[in-house]
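Letter by letter, the chains look like this.
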Amino acid sequence: MSDTAVTMVVTEPRGPLHPSLTETASPTGRWVRVSVMASGVCNADLGTAAAGAGTSFPVTPGHEVAGVVAELGDQVDGWAVGDRVAVGWFGGSCGHCSFCRAGDVVHCPERKIPGLSYPGGWAQSITVPADALVRIPDGLDPFDAAPFGCAGVTTFNAVRKAGTRAGGRVAVFGLGGLGHLAVQFAANLGYETIAIARGGDREKPARDLGAHHYIDSTAQAPGAALKELGGADLIVHTASSTAPVAELLTGLNVHGQLTLVGVDAGSVTVPAARLVMNGHTLTGHLTGSPSETEEAMRFAVTNGVRPLVERIPLEQAGEAVTRLRSGAPRFRIVLDTA
């Protein structure tokens, strides 16, 4: 059985995204075809869409997918046609390496990423390994579910796995596609939550999302401002630039942790004496497994956490990329395949 679907593709280095009508062959083995309803646009997609030299064409970006199972491979168990599912940055793993056997599938050296390892979700159809599938719980719309495959599970894990004391103080640096979710998770997990962003115009949105305090990083040094508030036990760094990290550490409490979620190609320079004398931990965090994504979704349903999304048609994916590069979206763009 085969059909056709609209797929957004790049066909040449640094070329534009354009729609293409592609054949959707039936999956085999342990692969599953998903009929896509919603597909998020993430900063990580920008590099994929840029399609630099050495890329194999055509390229279809997209790793925040929500839809329904359309077809199953002949070796797939536990899933049925019509199941509501999502696919995220984790797009499958080998299943036999030491990381997979320990349950740490996101660090599998053969981990697959939609859009890089196989055609991504900026399309009406995507075919993925069955172990990449996430069940979408009742009560979560597909346009809300799609960002949980990357932004949602990443920020949920970054906050809950830090081991911050009950009632502690959590600061979120950056109030974009990642940060606006991190603020909601921190507040709903019971932490005194501080949002740090550029400009006074973001204070009201931050407080609406659950932040107890707001720091305008253009008006004062954020680390110093954090220290005035009593210091943070955890700082979740969601901004794309790592340049502010050294100053932010001045606002971290003794035995506090700074977790990098948003990064660029730069380096982090940390005063070693400060790190040692204060027992600070500086760590990075990468995405989550399908089961962790399901946990994040269930938590969201129970506690009212939702991404703030702007829906645009699939065919306008190129415009979405342009807007994301300029920092225009508030807060997440999701492509509508209908």
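All of these numbers come straight from a predicted model, not from anything done at the bench. Starting afresh in each chain, residues are numbered from 1 along the sequence in its written order. Per-residue local features of the predicted model are confined to residues with pLDDT of at least 70, and side-chain atom pairs are confined, for both listing and counting, to 80 or more; whole-chain, interface and lining totals are unaffected and use all residues. As a rule here, side-chain values come from all non-hydrogen atoms in the structure, and water together with hydrogens is ignored.

> Where do I start with the overall build of the protein in this structure?
Think of it this way: any DSSP run of H or I at least four residues long counts as a helix, any run of E at least two long counts as a strand, and we number them from the N terminus. Scanning the protein from terminus to terminus reveals 11 helices and 15 strands. Here the globule rule reads 2.2 Å times residues to the power 0.38, and the radius of gyration is calculated from C-alpha atoms. Since a compact globule built from 338 residues should have a radius of gyration of about 20 Å, the 20 Å found for the protein is in line with a globular shape. Each principal axis of the C-alpha atoms in the protein carries an extent, and together these give about 65 × 40 × 40 Å. Under the scheme applied here, a residue whose accessible area is under 20% of the maximum for its type counts as buried, over 50% as exposed, and between as partly exposed, the area being computed with a 1.4 Å probe on protein chains only. Relative to its 338 residues, the protein shows a buried fraction of 53%. Considering only contacts in the protein between residues 6 or more positions apart, those separated by 24 or more positions represent 65%. In the form shown here, the protein has an accessible surface area of approximately 14200 Å², with 51% of it arising from carbon and sulfur atoms. Here, two residues are considered to be in contact whenever any of their heavy atoms come within 4.5 Å of each other. Throughout, the Shrake-Rupley method with a 1.4 Å probe supplies accessible areas, and for residues the shown protein chains are the sole cover considered.

> What should I look at first to understand the side chain of Gln257 in this one?
On the secondary structure map, Gln257 appears in strand β12 (residues 252–260). Gln257 gets classed as buried once you look at its relative accessible area, which sits at 17%. For Gln257, the side chain forms a polar contact with the side chain of Thr259, separated by 2.8 Å. Gln257 has contacts with Ala162, Asp233, Leu234, Ile235, Leu252, Thr281 and Thr283, leaving out every residue within four places of it along the chain. Here a polar contact means two N or O atoms within 3.5 Å. Within protein one must be a hydrogen donor candidate and the other an acceptor candidate, and residues neighboring in sequence count only if both atoms are side-chain atoms.

> Any chance you could explain the pattern of salt bridges here in plain terms?
Oppositely charged side chains can form a pair if their charged atoms are brought close together. Salt bridge, as used here, is a side-chain nitrogen of Lys or Arg placed within 4 Å of a carboxyl oxygen of Asp or Glu. Within this structure, the stated rule accounts for 12 salt bridges. Across the pair Glu295 and Arg160 runs a salt bridge, and its minimum N-O distance is 2.7 Å. Placement of Glu295 in helix α10 (residues 290–303) and of Arg160 in helix α4 (residues 151–160) is noted, with a sequence separation of 135 residues between them. With a relative accessible area of 29%, Glu295 lands in the partly exposed category. The residue Lys161 makes a salt bridge to Glu292 at a minimum N-O spacing of 2.5 Å. Taken together, the positions of Lys161 in the loop between α4 and β8 (169–173) and Glu292 in helix α10 put the pair 131 residues apart, joining distant regions of the chain.

> I would appreciate a short explanation of the pairing of strand β4 (residues 65–72) in the present structure.
Along a regular strand, successive side chains alternate from one face of the sheet to the other. Where strand β3 (residues 31–41) and β4 come together, 7 bridges link them in antiparallel fashion. If you follow Val32 over to β4, its bridge partner there is Leu72. Two strands make a pair as long as DSSP finds a minimum of two bridges between them. The pairing of β4 with strand β5 (residues 84–87) spans 4 bridges and is antiparallel. Looking at the pairing, Gly67 lines up with Val85 of β5.

> Is there a simple way to think about the nonpolar core in this case?
One recurring pattern in soluble globular proteins is that nonpolar side chains are buried together. With 30 residues, the main nonpolar core has Ile136, Phe148, Phe185, Val236 and Met297 as its most contacted residues. When contributions to this core are tallied by element, the ones reaching two or more residues are α3 (142–145), α4, α5 (179–188), β11 (232–237) and α10. Those residues in contact with Val236, other than ones at most four positions away along the chain, are Ala158, Val159, Val170, Ala171, Val172, Phe173, Thr259 and Val261. Take the buried residues of types Ala, Val, Leu, Ile, Met, Phe, Trp, Tyr and Cys, join any two whose side-chain atoms come within 4.5 Å, and each joined set is a nonpolar core. Grouped together as the second largest cluster of nonpolar side chains are 18 residues, Val6, Ala49, Ala51 and Ala317 included.

> For this particular structure, what's the right way to read the layout of surface pockets?
In this approach the atoms are scanned with a rolling probe the size of a water molecule, which exposes any empty space left behind. Using only the protein atoms, space was sampled on a 1 Å grid; points where a 1.4 Å probe fits but cannot get out form cavities, open sets with protein on both sides within 12 Å along at least five of seven lines form pockets, and lining residues are those with an atom within 4 Å of a point. Grid points are joined across faces, edges and corners, and a volume is the space filled by probe spheres set on the points. Space inside the largest pocket adds up to approximately 1100 Å³. Counting only elements with at least two residues in the lining of the largest pocket, the list comes to α1 (43–50), β9 (192–197), α11 (317–326) and β15 (332–336). Residues are grouped as follows: Ala, Val, Leu, Ile, Met, Phe, Trp, Tyr, Cys and Pro are nonpolar; Asp, Glu, Lys and Arg are charged; every other residue, Gly included, is polar. When grouped by side-chain class, the residues that make up the lining of the largest pocket number 19 nonpolar, 14 polar and 5 charged. Reported here for the second largest pocket is a volume of approximately 500 Å³. Forming the boundary of the second largest pocket are 25 residues, of which Thr7, Thr60, Tyr118, Pro119 and Gly120 lie nearest the centre. Among the secondary structure elements, those contributing two or more residues to the lining of the second largest pocket are β1 (2–9), β2 (18–25), α1 and β6 (125–129). Per element, the largest residue contribution to the lining of the second largest pocket is 5 residues, and it comes from β2. Class assignment of the residues belonging to the lining of the second largest pocket gives a composition of 10 nonpolar, 13 polar and 2 charged.

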